[in-house]
Amino acid sequence: MASQEPLRILSLDGGGIRGISSLLILENIMEKIRDANGADHVPRPCDHFDLIGGTGTGGIIAIMLGRLSMTVDECIRAYRSMAQQAFTPKRTFILHMSPSGAFSASALEDAIKRTIREYCVEPECKARRDQGLSTVDTCDHSDALFRNQKCTKTVVLAITKDNVDALPTLLKTYDSSTTFSSCTIWQVARATSAAVNFFKSIKLGRDEIEFIDASFGCNNPCEVLIEEGRRQFPERSQMRVLSIGTGLGDVISINDSRWSIIDALKRMATSSKRVAMSLDNRFGDDGQYYRFNVNRGLQDITLSDWEKASNISAHTHNYLEENERAIRRFVDSITGKASIGRNGHGGKIIHATAGLPIRSSVQNKGNVHFVVPFGRNRSFVGRASILEHLLERIPPSVEPDDCQRTALVGLSGVGKTQIALEAAFRVRNEHADCSIFWVPAIDATSFKNAYRNIGQILNIPGIDDDKADVGRLVKTALSKAAQGNWLLIIDNLDDLNLHFDNDTSLEDFLPLSTKGSILFTTRNREIVSELDIPETNVITVGGMTQEEGLMLLKTQLSDRLMRDMESATELLDILGYLPLAIRQASAYMAKKQISTTKYLELCRSSDENRIALLSRDFDDRHRSRSTIRSQPTT
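This text gives an overview of the structure that appears in the document. Position labels on residues start from 1 in each chain and follow its written sequence. Confidence filtering applies because this is a predicted model: local features only for residues at pLDDT of at least 70, side-chain atom pairs given and counted only at 80 or more, and all residues used for totals across whole chains, interfaces and linings. Excluded from the side-chain calculation are hydrogens and water; included are all heavy atoms of the structure.

### Examining the overall build of the protein
Part 1 of the reasoning: In DSSP terms, a helix is any run of H or I states spanning at least four residues, a strand is any run of E spanning at least two, and both are numbered starting from the N terminus. Along the backbone of the protein there are 21 helices and 16 strands.
Part 2 of the reasoning: Only protein chains enter the calculation, and the probe is 1.4 Å; a residue is then buried if its accessible area is under 20% of its type maximum, exposed if over 50%, and partly exposed in between. Counting every position in the protein, which comprises 634 residues, the buried fraction comes to 57%.
Part 3 of the reasoning: Counting only contacts in the protein whose residues sit at least 6 apart along the sequence, the fraction spanning at least 24 positions is 74%.
Part 4 of the reasoning: The protein chains shown are the only cover counted for residues, whose accessible areas, like all others here, come from Shrake-Rupley with a 1.4 Å probe. Element-wise, carbon and sulfur atoms account for 46% of the exposed surface of the protein, whose accessible area totals about 27,700 Å². Note on contacts: a residue pair is in contact if any heavy atoms of the two residues lie within 4.5 Å.

As structure tokens, this is what we get:
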């Protein structure tokens, strides 16, 4: 029986320094996958694709992402550094290329080896980097083998120099043949990037077969990778193939006298376009194949113009803005949120065209919406009894004859927002028919902006009018039974009036529906009475227990920094068991790589030091920056 899980393939074209463009496209896609899944960090491609492959410098990128399990951000940084080191010509004027290549193969080899050392996946090197220490000068795994059964299946293409018309050779991390078992990572990277006229060829394996890159015949390796993927995963009946080009569109001319480079680019562009059109005809209508390629603005950038990396970035960012809708459709398909396309599957995308932007904070399925401005907090711990009580009250239809109202009440820093955020994700997972809307109530402006955003998502007529009564329009829309089940979370409501115009208060804007439920977070218990919330629905939030506090510290700090449990416990006492204070302190300790013992000594050294430490700001993507306050210091 065929597996229901689609086969996910990432294919990367060759293109020299233009590979920066493909990485920026991939980074944008991975960020949207993070948002769609409610994650708190950008995922690595190796965690989302079953097979990663490429040719030429696309092959080097595939090795970084697949064999070395690098993030896209790490890959971009390493690739820029590698390009600057490796794509510097041996001579300033090139008309007739040297037989050994225009660029230094040894410089490329050194750059690849440095990347291997910097992002080595061996346990001892990973442990060193976890401590904030570099492995560039200490790692001794520069000659690590390319084959590795533990990494994501990674494959790169190369062709034999003695028969360039033969099919490309696939060098695979999961291969079991003897011929290439001794090949190192850097050797395979050199083989896939040994472009004629650029880098000299390299001999690989037991039989010392001489290889050059496959760019002139398979610069777009996607067709080959699909065939390989089906061989490796025969049970997968459906695919999600992401093919990313490097800006090689219709090459007409280049303002340069290097005619052999121009000819090479033309041949590569022809090869890439032919494969893209063929795959689109075969798979595009079924939503199994998606290709993105910056086809404007890069025509005067050769494979080696590393000085023009900023130009490539600028054109790619323009392309991403113009094609956000198309990219969103791919993300929806790979995360299981695809809308129905013209043939009953996800829509066709090939060389994506411009479309209107879609807000990255919004997820929706039909008439169900999830509008929450934060990703899920993977460091959330404890609070089991509070969440249990909360989840008994806030889902709609708990009280079928009323619009349920519930409140989390507690001092600043006790974690009300984080509890509400975790509850939002749990309600989404347990009640697929329930829309969830998040509204910050820090002031009237933030409230109205959030309400307007909801109105736009619900397509409420007149919502974009400058004189629109946004609050009442959204109230009216949500009060209708046709809107279905919904949960409205109003966060940080400490002033019921919020200084609205025309003597209105928040109560004037709260919807009433038997299919609705409203959750408030507030420091002001008087608001509970004014909003007529029954006492059974008021949940008081205090500091964490000692066990919960230690759990939260452990999510942020390594065992080395928390080895003295006595000092960690004493520190929790000073922090008042307040989650925000614990997060502030642990963020500082992690950044400075100091232990709980050392941090405790700093706090005790003087009142000034203690106040300074406990007042430090820190980045937290799971709350609005305006709600990050200094913690009590007395």
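### As for the packing of aromatic side chains
Part 1 of the reasoning: What counts as a ring pair is set by centres within 6.5 Å for rings of Phe, Tyr and Trp (its six-membered ring), and what kind of pair is set by the plane angle: stacked under 30 degrees, edge-to-face over 60, tilted for all other angles. Scanning the entire structure with this criterion turns up seven aromatic pairs.
Part 2 of the reasoning: Consider the rings of tyrosine 290 and phenylalanine 330, whose centres lie 5.1 Å apart with planes at 65°: the pair is edge-to-face. Here tyrosine 290 is found in strand β8 (residues 289–292), whereas its partner phenylalanine 330 is found in helix α11 (residues 324–334), with 40 residues between them in sequence. Both residues of the pair, tyrosine 290 and phenylalanine 330, belong to the buried class.
Part 3 of the reasoning: Considering the side-chain rings of phenylalanine 374 and tryptophan 438, the 5.7 Å spacing of their centres and the 90° angle between planes classify their relative orientation as edge-to-face. Taken together, the residues phenylalanine 374 in the loop between β11 (368–371) and α12 (384–393) and tryptophan 438 in strand β13 (residues 434–440) connect sequence positions 64 residues apart.

### A few points about the side chain of threonine 154
Part 1 of the reasoning: Tracing the sequence through the fold places threonine 154 in strand β3 (residues 153–160).
Part 2 of the reasoning: With relative accessibility at 0%, the residue threonine 154 sits in the buried group.
Part 3 of the reasoning: One polar contact links the side chain of threonine 154 to the main-chain carbonyl oxygen of threonine 152, over a distance of 2.8 Å.
Part 4 of the reasoning: If we ignore the near neighbours within four places in the chain, the residues touching threonine 154 are Ile52, Ala62, Ile63, Gly66, Arg67, Phe146, Leu171, Lys172, Thr173 and Tyr174. Here a polar contact means two N or O atoms within 3.5 Å. Within protein one must be a hydrogen donor candidate and the other an acceptor candidate, and residues neighboring in sequence count only if both atoms are side-chain atoms.

### Let's talk about unusual backbone geometry
Part 1 of the reasoning: Here aspartate 532, not a glycine, exhibits a phi torsion of approximately 60°, which is positive.
Part 2 of the reasoning: With respect to the helices, strands and loops of the structure, aspartate 532 is situated in the loop between α16 (525–530) and β16 (538–540).
Part 3 of the reasoning: Even without being glycine, glutamine 593 reaches a positive phi, approximately 55°.
Part 4 of the reasoning: Mapped onto the elements, glutamine 593 comes out in the loop between α19 (579–592) and α20 (596–605).
Part 5 of the reasoning: On the basis of relative accessibility, which here comes to 25%, the residue glutamine 593 falls in the partly exposed class.

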